[in-house]
Amino acid sequence: DSIVNLALDVILPTTEDETMFICEGESVEIGIETFTTSGSYEINMTAASGCDSIFFLDLTVFELDEETVLESICAGESITIGVEEFNSTGEYIVNLLNENGCDSTVILILNVSPTENTAIVTSICEGEIFEVGAEDFSETGDYIIPLTTAAGCDSTVQLSLTVLIDDLTN
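Predicted, not measured: the structure shown is a model, and the values here were computed from it. (Residues numbered from 1 in each chain as written. Predicted model: local features only at pLDDT ≥ 70, side-chain atom pairs only at ≥ 80, totals over all residues. Heavy atoms only, no water.)

Caption draft 1: Structural view of the environment of Val163. Here Val163 is to be found in strand β15 (residues 154-164). Discounting chain neighbours no more than four positions away, the residues touching Val163 are Ile124, Cys125, Glu126, Ser138, Glu139 and Thr140. (Helix = DSSP H or I, 4+ residues; strand = E, 2+ residues; numbered from the N terminus. Contact = heavy atoms within 4.5 Å.)

Caption draft 2: Structural context of the environment of Ile54. As for its placement among the helices and strands, Ile54 is situated in strand β5 (residues 52-62). Spatially, the C-alpha atoms of Ile54 and Asn44 are 4.8 Å apart, while their sequence positions differ by ten residues. For Ile54, the residues in contact, after removing those within four places along its chain, are Thr14, Thr15, Glu16, Glu42, Ile43 and Asn44.

Caption draft 3: Structural detail: the environment of Ile22. Inspection of the secondary structure assignment puts Ile22 in strand β1 (residues 14-23). Take Ile22: its relative accessible area is 9%, and that puts it in the buried class. (Buried < 20%, exposed > 50% of the residue type's maximum accessible area, 1.4 Å probe, protein only.)

Caption draft 4: Spatial organisation of the sheet that holds β15. Read from one edge to the other, the open sheet built from three strands follows the order β11-β15-β14, with strand pairing classed as mixed. Taken across any chain shown, the strands that pair with only one partner, and hence form the sheet edges, are β11 (116-125) and β14 (141-148). Across the sheet, the mean angle separating the axes of adjacent strands is 25° when strand polarity is ignored. Where β14 and β15 come together, eight bridges link them in antiparallel fashion. The partner of Tyr143 across the bridge, within β15, is Leu159. (Pairing = 2+ DSSP bridges. Axes fitted to C-alpha atoms, helices over the stretch in contact; angles between N-to-C directions.)

Caption draft 5: Expanded view of a negative patch on the surface. On the surface, a cluster of negative charge is contributed by Glu24, Glu63, Asp65, Glu67 and Glu99. Among the secondary structure elements, Glu24 is positioned in the loop between β1 and β2 (28-30). For Glu24, a relative accessible area of 42% puts it in the partly exposed group. (Patch = residues over 30% accessible without salt bridge, like charges linked within 9 Å, V, L, I, M, F, W, Y side chains within 5 Å. Areas by Shrake-Rupley, 256 points an atom, 1.4 Å probe, with all protein chains shown as cover. Salt bridge = Lys/Arg side-chain N within 4 Å of Asp/Glu carboxyl O. Lys, Arg positive; Asp, Glu negative; His and termini not counted. Charge placed at Lys NZ, Arg CZ, Asp CG, Glu CD.)

Shown next as structure tokens:
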């Protein structure tokens, strides 16, 4: 008979839990597996000791944002998106970071309406009136009348009016 003394260490499988956040288009590699979609995953691996290891991954993939903005402004005004300022008619693409740190794209379609300045030189007969906007004029003079265009922008009419006096003396 012989007696064998055995000192046995039972190494339990190790587990690790991790929560990760990535942006759409990025990936996470755990062991030999690659993950690109949101979900909870259980990955069986081998630890450095040679024993089983289980990795629990809770992955959230944030979507990239894209927004189209249609904007109309008047000449002389501007619109700011992020740190960029725009004041000309056109289509612009602005790349930003959203609240999750992922790419965000704003497509700005901007229309700049002009302000209008019109000069009118005219004459009327005594007793007649000349109307500009909601104002009536019946006396000789030069007038500046502020108005608003159909697009809501400033408009100015410069009126030079002469009232002709009818002289019926022979």
